[in-house]
There are 2 protein chains.
Amino acid sequence: MLSELLAHIGKFVNLNTREENLLTEHFTNTGLNKKEYLLKEGQVCKHNYFVAQGCLRMFFINEKGTEQITQFAIENWWINDTMSLIKQTPSEFSIQAVEDSKVFCLHKDAQQILYDKVPSFQQYMHSVEQHAHAAAQMRMKYLYSYSKEEHYINFIQRFPEFAQRVPQYMLASFLGFTPEYLSELRKKLT
Amino acid sequence: MLSELLAHIGKFVNLNTREENLLTEHFTNTGLNKKEYLLKEGQVCKHNYFVAQGCLRMFFINEKGTEQITQFAIENWWINDTMSLIKQTPSEFSIQAVEDSKVFCLHKDAQQILYDKVPSFQQYMHSVEQHAHAAAQMRMKYLYSYSKEEHYINFIQRFPEFAQRVPQYMLASFLGFTPEYLSELRKKLT
DNA sequence: CGCGGGTTTGATGATGCTCAAGCCCGGTGG
DNA sequence: CCACCGGGCTTGAGCATCATCAAACCCGCG
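Summarised in this report is the structure supplied together with it. It should be emphasised that the depicted structure is a prediction, and the values quoted were computed from it without experimental measurement.

1. Examining the interface of chain A and chain B
Point 1. With 35 residues of chain A in contact, the opposing surface of chain B contributes 36 residues.
Point 2. Among the residues of chain A in contact with chain B, H126, Q137 and Y144 of chain A are the three that bury the most area, contributing 19% of the side total.
Point 3. The tally of links from chain A across to chain B stands at two salt bridges.
Point 4. With a shortest N-O distance of 2.5 Å, E92 of chain B and K141 of chain A are connected by a salt bridge.

And the structure:
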């Protein structure tokens, strides 16, 4: 059942069969239809989510009442509202399926149990978090470096698949500008 | 020697004397004068740094040739170039002292050894990274939510100490605008 | 066929940058 | 103790980038 996840873990550490079984016992899995929610703003985030198939987005509602996307997650990405997860406070974000998706869910308590029983899983998660941290630092660097236009060009070069997979207005939201401006850019760049 | 760090760790987990000694053995410490470097762009980042006293900044040089600050670190903050640390590639950032500072340095190899020998230290570091991740998510949210003016107002309200401690032009750089515009804002907001 | 979500177009205007100059003030050398 | 740097902060004019708003358009789906 966890094949996608086990394959991903296998890239970082080795697990024996007993350990794989332990993991399988402590995860749950969910199928999501497009537009279904994993987490809604105001709920407390209790799980860490691994995307096995499909695409999720994380967003919040800004003061103008429009959705603001802060993150996407596709195959082999983990996603959660970390602040809500750590402090068990109401989430300021929602997580929703952009496409029909398959997700593995790890409850925070199950995660703690697994850490105690399967050290190499802890090692794996540690490595995942380090990569997330590194990615966040690079993302900040890009934000400081580029104009919105450069930002767009850069993004579609580095993630060409994405430009296909998600609607333009979500891309615009994620990149921090309006659909109108994105449209203008696209026109200009042909 | 590690008193500030041990005190900070003590807020999250408990260490016995033996464990504290192990930590002491595996850290080194450095005193830094204002403007001294811990890491220069192009070097490989080999340490994780804990600020015991003082203030550091992390920055890179953008295409216009000006310094762009992405992060500060004051007492009880950890700082590193995570990408460089993970992949052992040349760093794209520099880390420099803003004030005379005292820093504890943990070499990546020593870190691995400590993880094996002192599980609660690993737990502590895990918690530190989770907080960093949560902070990064919130920072992104702020970036999407606020105009530069709101951003400035927000920052000085949430970190009033900072506005005193670092020169204006560094604040402006960190907040992502020009010293001229910051000056304009300050005038307007009195 | 018609509806509605998503994209495009264009006019207008605010936000925040650039550049050039002046000012303030603390440190340094005479 | 004074004079003079020079770094940092301020001021102002002009300008680029990007948002807003309103309207039209396109196209897949019921």
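2. Thoughts on the pairing of strand β4 (residues 55–61) of chain A
Residues and elements named next belong to chain A.
Point 1. Of all seven residues that make up β4, six are buried, and the element is covered over most of its length.
Point 2. As judged from the seven bridges shared by β4 and strand β5 (residues 67–74), these two strands associate in the antiparallel manner. The residue of β5 that forms the bridge with I61 is E67.
Point 3. Where β4 hands over to β5, the hairpin turn is made up of five residues, of which G65 adopts a positive phi near 85°.
Point 4. Looking at chain direction, β4 and strand β7 (residues 94–97) are connected through four bridges and run antiparallel. Across the sheet, residue L56 finds its bridge partner in β7, namely A97.

3. Some remarks on unusual backbone geometry
Point 1. At Q88 of chain A, a position not held by glycine, the phi torsion is positive, near 55°.
Point 2. With respect to the helices, strands and loops of the structure, Q88 of chain A is situated in the loop between α3 (82–87) and β7.

4. So, the environment of G42 of chain A
Residues and elements named next belong to chain A.
Point 1. Following the sequence through the fold, G42 ends up in the loop between β2 (37–39) and β3 (47–53).
Point 2. Each C-alpha atom of the pair G42 and N154 lies 34 Å from the other, and the pair is 112 residues apart in sequence.
Point 3. Excluding residues within four positions of it along the chain, G42 makes contact with P90 and S91.

5. Let's talk about helix α1 (residues 3–10) of chain B
Point 1. Taken together, the buried positions of α1 of chain B are occupied by E4, L5, L6, H8 and I9 of chain B.
Point 2. For α1 of chain B, the elements touching its buried residues are α2 (17–26), β1 (27–32), β3 (47–53), β6 (78–79), β8 (101–107) and α5 (119–145) of chain B.

Analysis parameters
- Residues numbered from 1 in each chain as written.
- Chains lettered and ligands numbered in written order.
- Predicted model: local features only at pLDDT ≥ 70, side-chain atom pairs only at ≥ 80, totals over all residues.
- Heavy atoms only, no water.
- Contact = heavy atoms within 4.5 Å.
- Buried area = accessible area lost by both parts, 1.4 Å probe.
- Salt bridge = Lys/Arg side-chain N within 4 Å of Asp/Glu carboxyl O.
- Buried < 20%, exposed > 50% of the residue type's maximum accessible area, 1.4 Å probe, protein only.
- Helix = DSSP H or I, 4+ residues; strand = E, 2+ residues; numbered from the N terminus.
- Pairing = 2+ DSSP bridges.

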